[in-house]
Amino acid sequence: MNQPIDTGRPERAVAIVTGAARGIGRATAERLVRDRWGVVCVDVDAEGLAEVERDHSSSPLVTVIGDVADTEVLEHAVELGTELGPVIGAVANAGIFRDARIPNLDDDEWEQVINVDLTAPFLLTRAVWPSMSTARYGRLVFISSVSKDGNFGQANYAAAKSGVVGLARTAAIEGGKHGITSNVICPGSIDTPLNLSFKNNAPEAYERFISRVPLGRAGQPSEIAAACTWLMSDDSSYVTGQVLYVDGGMSCGYS
């Protein structure tokens, strides 16, 4: 018989958050700090990470500048995190777009998105797995997208974000006996710097897009962070392998 799993979070728990310099990643990292996690923020954006570090200079928060799809970068993040406490949380948030219709989507655009949006979450999961297994407690949260089911001009992004769901559900199956939960959040339109660019460059298209959201507005990064930190908490101890839409109702098919 398996040893009973302790569903209480270990003391001095540490989480790794990728894409933490801005937007959803930063909001999640800041919310985790408020919830008394130690946090390792990973991003290629050195300036953004420096700002996060300045704003939380008195908190158990450290930063790692580097490619989230680089195994060595992620292993270094785990090593740094271990200095703060047991690394038993991970939020695979980093993502990029390289949009084009299928006939115009070149090999580099495909590979760049798959590397950051799908391979990187796998590498992060593999990097934190040993410490979670040892602690017999783990929280994995993967940021996918409502686009995972397909979206015009986003074959690479949709494929990656759909793959993340398969990865997360497999991690839920394999991790259950180790006390590891694994869940997915699918945001809709969120007020991030990328979304702001869409709004400024194509305001009419943006308004048409937002009009399809039953709540009638874009979401805030803090609203994704709130869902994420709940999935990271002891309150979600019996929730695993699930996909949570945080999209203002967009996925209901309203138009």
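That block above? That's the structure.
Now for a quick tour of the structure. (Residues numbered from 1 in each chain as written. Predicted model: local features only at pLDDT ≥ 70, side-chain atom pairs only at ≥ 80, totals over all residues. Heavy atoms only, no water.)

1. Observations regarding the overall build of the chain
Our working rule: Helix and strand labels come from DSSP, where a helix needs a run of H or I of at least four residues and a strand needs a run of E of at least two; each type is numbered from the N terminus. In this setup the radius of gyration rests on C-alpha atoms only. A globule is expected at 2.2 Å times the number of residues raised to 0.38. The classification of residues rests on relative accessible area computed with a 1.4 Å probe and restricted to protein chains. Under 20% of the type maximum is buried, over 50% is exposed, and intermediate values are partly exposed. A contact between two residues is defined here by any heavy atoms of the two lying within 4.5 Å. Only the protein chains shown count as cover for residues, with accessible areas throughout obtained via the Shrake-Rupley method and a probe of 1.4 Å. This count recognises Lys and Arg as positive and Asp and Glu as negative, with His and chain-terminal groups excluded. Lysine's charge is taken at NZ, arginine's at CZ, aspartate's at CG and glutamate's at CD.
In terms of regular secondary structure, the chain is built from eight helices and seven strands. A globule of 255 residues ought to have a C-alpha radius of gyration of about 18 Å, and the chain, at 18 Å, matches this closely. Overall, the chain is about 55 × 45 × 35 Å in size when its C-alpha atoms are taken along their principal axes. In the chain, which comprises 255 residues, the share counted as buried stands at 47%. Partitioning the intrachain contacts of the chain with sequence separation of at least 6 by distance along the chain shows that 71% fall at a separation of at least 24. With the model as given, the accessible surface of the chain reaches about 12500 Å², and the carbon-plus-sulfur share is 50%. Side chains of the chain carry 21 positive and 32 negative charges; the gap between the two charge centres is 7 Å.

2. Some thoughts on unusual backbone geometry
With phi around 55°, R12 is a residue other than glycine that occupies positive phi space. Locating R12 in the fold gives a position in the segment before β1 (14-18). At R136, a residue that is not glycine, the phi angle is positive and equals roughly 55°. Within the secondary structure, R136 is located in the loop between α4 (107-135) and β5 (138-143). Judged by its relative accessible area of 23%, R136 is partly exposed.

3. Section: the pattern of salt bridges
Let me state the cut-off plainly: For this analysis, a salt bridge means a side-chain nitrogen from Lys or Arg found within 4 Å of a carboxyl oxygen belonging to Asp or Glu.
All chains considered together, the criterion is met by seven salt bridges. R217 serves as the salt-bridge partner of E223, at 2.8 Å between the closest nitrogen and oxygen. Overall, the relative accessible area of 39% leaves R217 in the partly exposed class. Salt bridges sharing partners connect three or more residues here, namely R26, E30, E51 and D55.

4. Side note on the sheet that holds β5
Stated formally: Two strands are counted as paired when DSSP detects at least two bridges linking them. In this description, a line fitted to the C-alpha atoms serves as the axis of each element, helices being fitted only across the stretch in contact, and the angle between N-to-C directions of two axes falls anywhere from 0 to 180 degrees.
Across the sheet, which stays open at both edges, the seven strands sit in the order β3-β2-β1-β4-β5-β6-β7 with parallel pairing between neighbours. Two strands bound the open sheet, and with one partner strand each, they are β3 (61-65) and β7 (243-246). Within the sheet, the average angular offset between the axes of one strand and its neighbour, ignoring direction, is 20°. In terms of strand pairing, strand β4 (residues 87-92) meets β5 through four bridges, oriented parallel. Each bridged residue has a counterpart across the sheet, and for V91 the counterpart in β5 is V141. The sheet contacts of helix α2 (residues 46-55) involve β2 (38-43) and β3, and relative to β3 the element is tilted by about 170°. Against the sheet, helix α8 (residues 221-231) makes contact with β4, β5, β6 (180-187) and β7, and its axis sits at roughly 165° relative to β6, the strand it touches most.

5. Details of the packing of α4 against helix α5 (residues 155-175)
To keep things clear, this is the line we draw: Roughly parallel covers angles under 35 degrees, roughly antiparallel covers those over 145, roughly perpendicular covers 65 to 115, and oblique covers all other angles. Take the far helix as the reference: if the near one is turned anticlockwise from it by less than a right angle, the crossing is left-handed, and if turned clockwise, right-handed. For this classification, the nonpolar set comprises Ala, Val, Leu, Ile, Met, Phe, Trp, Tyr, Cys and Pro, the charged set comprises Asp, Glu, Lys and Arg, and every other residue, Gly included, is treated as polar.
The N-to-C vectors of α4 and α5 enclose an angle of 15°; their axes lie 8 Å apart at closest approach. Compared by their axis directions, α4 and α5 come out roughly parallel. For the element pair α4 and α5, the recorded crossing hand is right-handed. For the pair α4 and α5, contact is made by E109, W110, V113, I114, D117, L118, P121, F122, T125 and W129 and by A155, N156, Y157, A159, A160, K161, G163, V164, L167, A171, E174 and G175, respectively. Across the contact of α4 with α5, the residue classes break down as 14 nonpolar, four polar and four charged.

6. Concerning helix α1 (residues 23-34)
Just so we agree on the cut-off: How far a helix is expected to stretch is found by multiplying one less than its residue total by 1.5 Å.
If you check α1, its first and last C-alpha atoms are 17 Å apart, about what 12 residues at 1.5 Å a residue would give, namely 16 Å. Of all the residues in α1, the buried ones are I24, G25, R26, A27, T28, A29, L32 and V33.

7. Topic: the nonpolar core
As a reminder, the rule being used: For the purposes of this section, nonpolar cores are sets of buried Ala, Val, Leu, Ile, Met, Phe, Trp, Tyr and Cys residues that join through side-chain atoms within 4.5 Å.
Counting residues in each nonpolar core, the largest one holds 59 residues, and the members touching the most others are I16, V39, V128 and L140. Here this core gets eight residues from one element, more than from any other, and that element is α4. If sequence neighbours within four positions are ignored, L140 has contacts with A90, T125, V128, W129, M132, A171, I180, T181, S182 and N183.

8. So, the environment of L61
Checked against the element boundaries, L61 lands in strand β3. Sequence-distant contacts of L61, defined by excluding residues within four places in its chain, comprise V33, V39, C41, V52, E53 and H56.

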